[in-house]
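Structural overview for review
So the chains spell out like this:
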Amino acid sequence: MLKVLLVDDEPFIVQGLSQLIDWEKENYEIAATAQNGREALAYLRSNKVDLIIADIKMPEMTGLELLETIRREKVSDAYFVILSGYGEFSYAQQAIRYSCMDYVLKPVEKEVLTEVIRRAANMSEAEIQRQENKRQMERAYLARNVISLLLGKYDDMNLQYVSNHMQLSNGVRYIDIQLVDVSDPEDVEDMEMRSMQRKLYQSCREFLKEDEAHCILDVSAEENVYDVGLIYCDYMAAKNNFTEKVYLEKLFNYLSVALKQKLVMMVGKRVADIAAVSKSYGTACMLNSLQAFHDRKNIYYYEEEIHVNSDGILLCKTELDNLISAIEQNDKLRIHESVDKLYEELRRLGAMGETINLNINYLLFQLIHTATEQDDCVNQEEILHLISESAFEDGTKRGSRVHLERFACEYAEYLAQLRKNVSRGILAMIEQEVRARFAENLTLRELGQKYFINNAYLGQVFRKKYNQSFKDYLNNYRIEQAAALLLRTDDKIYKIAEDVGYKNTDYFINKFIAAKGCTPSKFRKQAVKTG
């Protein structure tokens, strides 16, 4: 409801204005009334309204003086309407000079005033939309500058803009919040995942309130990763009298309830200030890679996962380096032997819990480094995480000997593919597969198995070449084939949907509308008319 302030020194005029219009029906409420400009000014200094309707001639402060004062002192930007029994043009000129919206002569006619307040409502709605668009653009620009800092590719202008537009303090962390345990991404439409991601983003902003600018949508920008980034500063917990862990647990619980969906939070290393946030971002990415090898948690803290005790860490470097070498050479027999020797050495040393985790973490970090040296354009942390997950099966303990051996063999195959750059030829073959089999339930997993290429890697190089996911590429091709059938045949809509690979006709129609801007039936009719 828009708020209106009525200002007139004659009570019966105020009463008449109150009853002349059905204010609620016009989406207004009378927030207050005042007997003169000075009384109205006092109200406006502590209350916001959208519309002011004021008489021109009043004791103590006239309507024109009120208008001039609130504009000069920037007390209110509300739309202003002058009511007066005086028809002299000089009054109208003065009113216009101070951005008066309209000048209405008494006695006020209902139709005239109704038209004026409706125009004010439309202008207010347009202004609200303009302000929202401006805020969205500002958020997007701030996010771009923050992401530059996260990636370590920034200059003083980026740093200065973030510092000026975000409340900061010493003690900064990057926190990645992801949707997890959603159905296999191959079976879930991108639009559905994107919708959940946007809900996660909105819920995070609602929790942060005045700190909402610290929330960044889609930081990773990688396929199959639907995340929200948070720039956490020490002051956030402190101002609520919480410890850092309590604050983050409250955030996690709030988001989990809001989304009714499982989440995971990777809390990067604490750094001194925003200028060093890229270091925190890098450690959060590492945590994302490591989680597949350890028992699932809601929140992973860098300091807890990468912990060095006072007695030092028992690192089986010889056995680990031998395993890394076997993986690099894609030698399956040596991989099997090296994994056995690693676990034998860990058992001989009496290694437990954290020590085992640290040895595995060392291995994973080295493998990421090895892959990055061959192709630094691919998100190696995501590849490692997805391969780790694919090597894990029910009944197999995370980080166990069997899990590690499966992972090592799959990762060895991936490195071999990376060296050969096999994706170049494969993408042409996949284009042919789509053209020949678009009506089938094609997935990257199946195609990866057919052409002996890791499907996570395939997904990334596919997006880089086509600037869209494989699912979107397949869907767009199906829609184009459906459009051709609509023009060339008289087949029913449901049959065309089936012929191009859609089992659900309603779903097909929604996809067609999204791509073509109209229903299949309308598309066919329009083609007949233009033909």
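Along each chain, numbering runs from 1 in the same order as the chain's sequence is written. Restriction of local features to residues with pLDDT of at least 70 applies here, the model being predicted, together with a cutoff of 80 or more for giving and counting side-chain atom pairs; totals for whole chains, interfaces and linings are based on all residues. Processing note: side-chain calculations cover all non-hydrogen atoms of the structure and skip hydrogens and water entirely.

**Overview of the overall build of the protein chain**
Heads up, the rule is: Strands here are runs of E lasting at least two residues and helices are runs of H or I lasting at least four, both read from the DSSP assignment and numbered beginning at the N terminus. When checking whether two residues touch, look at their non-hydrogen atoms; a contact exists if any pair is within 4.5 Å. Exposure was quantified through the Shrake-Rupley algorithm and a 1.4 Å probe, taking into account, for residues, occlusion by the shown protein chains and nothing else.
In terms of regular secondary structure, the protein chain is built from 23 helices and 10 strands. Contacts in the protein chain between residues at least 24 apart in sequence constitute 67% of all its contacts with a sequence separation of at least 6. Roughly 27,400 Å² of accessible area belongs to the protein chain as shown, and the carbon and sulfur atoms make up 49% of that amount.

**Notes on the confidence of the model for the protein chain**
The condition is simple: Confidence scores here are pLDDT values: one per residue, from the predictor, ranging 0 to 100.
Summarising the model, the protein chain shows a mean pLDDT of 84, and 86% of its residues fall at 70 or more. The low-confidence segment residues 183–187, where pLDDT is below 50, has eight contacts with residues more than four positions distant or belonging to other chains.

**Re the nonpolar core**
For the record, the criterion: As used in this record, nonpolar core signifies buried Ala, Val, Leu, Ile, Met, Phe, Trp, Tyr and Cys residues forming a set joined through side-chain atoms within 4.5 Å. A 1.4 Å probe rolled over the protein chains alone gives each residue an accessible area, and that area as a share of the maximum for its type sets the label: buried under 20%, exposed over 50%, partly exposed in between.
Within the largest apolar cluster, 62 residues are counted, with the highest numbers of intra-cluster contacts made by Y411 and F508. The dominant element in this core, judged by the number of residues it contributes, is helix α16 (residues 401–420), at nine residues. Core analysis: the second largest hydrophobic core is formed by 55 residues, M193, V228, C233 and Y235 among them.

**A closer look at the environment of F438**
Checked against the element boundaries, F438 lands in the loop between α17 (423–437) and α18 (444–450). When the C-alpha positions of F438 and G501 are compared, they lie 6.8 Å apart, and in sequence the two are 63 residues distant.

**Quick notes on unusual backbone geometry**
Put simply, K106 and P107 share a cis peptide bond, and its omega is -5°. The backbone of K260 shows a phi angle near 55°, a positive value even though the residue is not glycine. Relative to the assigned elements, K260 resides in the loop between α9 (244–259) and β9 (263–267). Using a relative accessible area of 74% as the deciding quantity, one classes K260 as exposed. The phi torsion at N467 lies on the positive side, around 60°, for a residue other than glycine. Mapped onto the elements, N467 comes out in the loop between α19 (455–466) and α20 (470–488).

**Re the packing of helix α12 (residues 317–328) against helix α13 (residues 332–348)**
As a reminder, the rule being used: Helix axes are fitted only over the stretch in contact, all axes being lines through C-alpha atoms; the angle between N-to-C directions runs from 0 to 180 degrees. Angular relationships are summarised with four words: roughly parallel below 35 degrees, roughly antiparallel beyond 145, roughly perpendicular across 65 to 115, and oblique for the angles in between. Note on convention: the crossing is left-handed when the near helix lies turned anticlockwise from the far helix by less than a right angle, right-handed when the turn is clockwise.
Relative to each other, α12 and α13 sit at 165°, their axes nearing to 9 Å. Looking at the two axes, α12 sits roughly antiparallel to α13. The chirality of how α12 crosses α13 is left-handed. For the pair formed by α12 and α13, the contact residues are E319, L320, N322, L323, S325, A326 and I327 on the first element and R334, I335, S338, V339, K341, L342 and E345 on the second.

**Some details on the environment of M236**
Mapped onto the fold, M236 is located in helix α8 (residues 234–238). Using a relative accessible area of 0% as the deciding quantity, one classes M236 as buried. In this structure, the C-alpha to C-alpha distance between M236 and D211, residues 25 residues apart in sequence, is 8.3 Å.

**Some remarks on the packing of α13 against α16**
Helix-helix packing is described using two parameters, namely the angle between the two axes and the distance between the axes. To keep things clear, this is the line we draw: Three classes are used, and their members are as follows: Ala, Val, Leu, Ile, Met, Phe, Trp, Tyr, Cys and Pro are nonpolar, Asp, Glu, Lys and Arg are charged, and the others, Gly among them, are polar.
Packing of α13 against α16 brings their axes to within 10 Å, and their N-to-C directions diverge by 145°. Regarding α13 and α16, the two cross each other, and that crossing is right-handed. Contacts between α13 and α16 involve K332, I335, H336, V339, D340, L342, Y343 and R347 on the former and, on the latter, R401, L404, E405, A408, C409, A412 and E413. Of the residues contributing to the contact of α13 with α16, the split by class is eight nonpolar, one polar and six charged.

**Observations regarding the environment of R270**
This is how the line gets drawn: Here a polar contact is recorded for every N or O atom pair within 3.5 Å, except that within protein the pair must consist of a potential hydrogen donor and a potential acceptor, and residues adjacent in sequence are included only if both atoms are side-chain atoms.
With respect to the secondary-structure elements, R270 resides in the loop between β9 and α10 (277–290). For R270 and Y174, which are 96 residues apart along the polypeptide, the C-alpha to C-alpha distance reads 8.0 Å. Those residues within four positions of R270 in sequence are excluded, and the remaining contacts are N170, G171, V172, R173, D234 and E303. Side-chain polar atoms of R270 contact the side chain of D234, separated by 2.4 Å.

**Remarks on the pattern of salt bridges**
This is how it is decided: By salt bridge we mean one thing: a side-chain nitrogen of Lys or Arg within 4 Å of a carboxyl oxygen of Asp or Glu.
A full pass over the atoms with the stated rule returns 32 salt bridges. Of the charged contacts, one joins D55 and K106 as a salt bridge, the two residues approaching to 3.2 Å between their closest N and O atoms. Here D55 is found in strand β3 (residues 51–55), whereas its partner K106 is found in the loop between β5 (102–105) and α5 (110–150), with 51 residues between them in sequence. Judged by relative accessible area, which is 25%, K106 ranks as partly exposed. Taking the shortest distance from any N to any O, the salt bridge between R348 and E345 comes out at 2.7 Å.

**Comments concerning the pairing of β9**
Basically, it comes down to this: For two strands to count as paired, DSSP must find a minimum of two bridges between them.
Across the five residues that make up β9, a large majority, five, are buried. Burial along β9 is two-sided: the residues L263, M265 and V267 and V264 and M266 are all buried. Strand direction decides the pairing type here: strand β6 (residues 172–179) and β9, joined by five bridges, are antiparallel. By the bridge assignment for β9, I175 is matched with V267. In the sheet, β9 pairs with strand β10 (residues 299–301) via three bridges, with the strands oriented parallel. What sits directly across from M265, in β10, is I299.

**Some points on the sheet that holds β5**
On the basis of which strands lie adjacent, the open sheet formed by five strands has the order β2-β1-β3-β4-β5 and parallel pairing. If you trace the sheet from one side to the other, it starts and ends with β2 (28–34) and β5, each paired once. Averaged over all neighbouring strand pairs, the angle between strand axes comes to 20°, with direction disregarded. With five bridges joining them, β3 and strand β4 (residues 79–84) adopt parallel strand pairing. Residue pairing for β4: I53 is matched across the bridge by V81. Each of β1 (2–7), β3 and β4 touches helix α3 (residues 63–72); the most contacted strand, β4, lies at about 165° to it. Strands in contact with α5 are β1, β2, β3, β4 and β5; relative to β4, the strand with the most contacts, it is inclined by about 165°.

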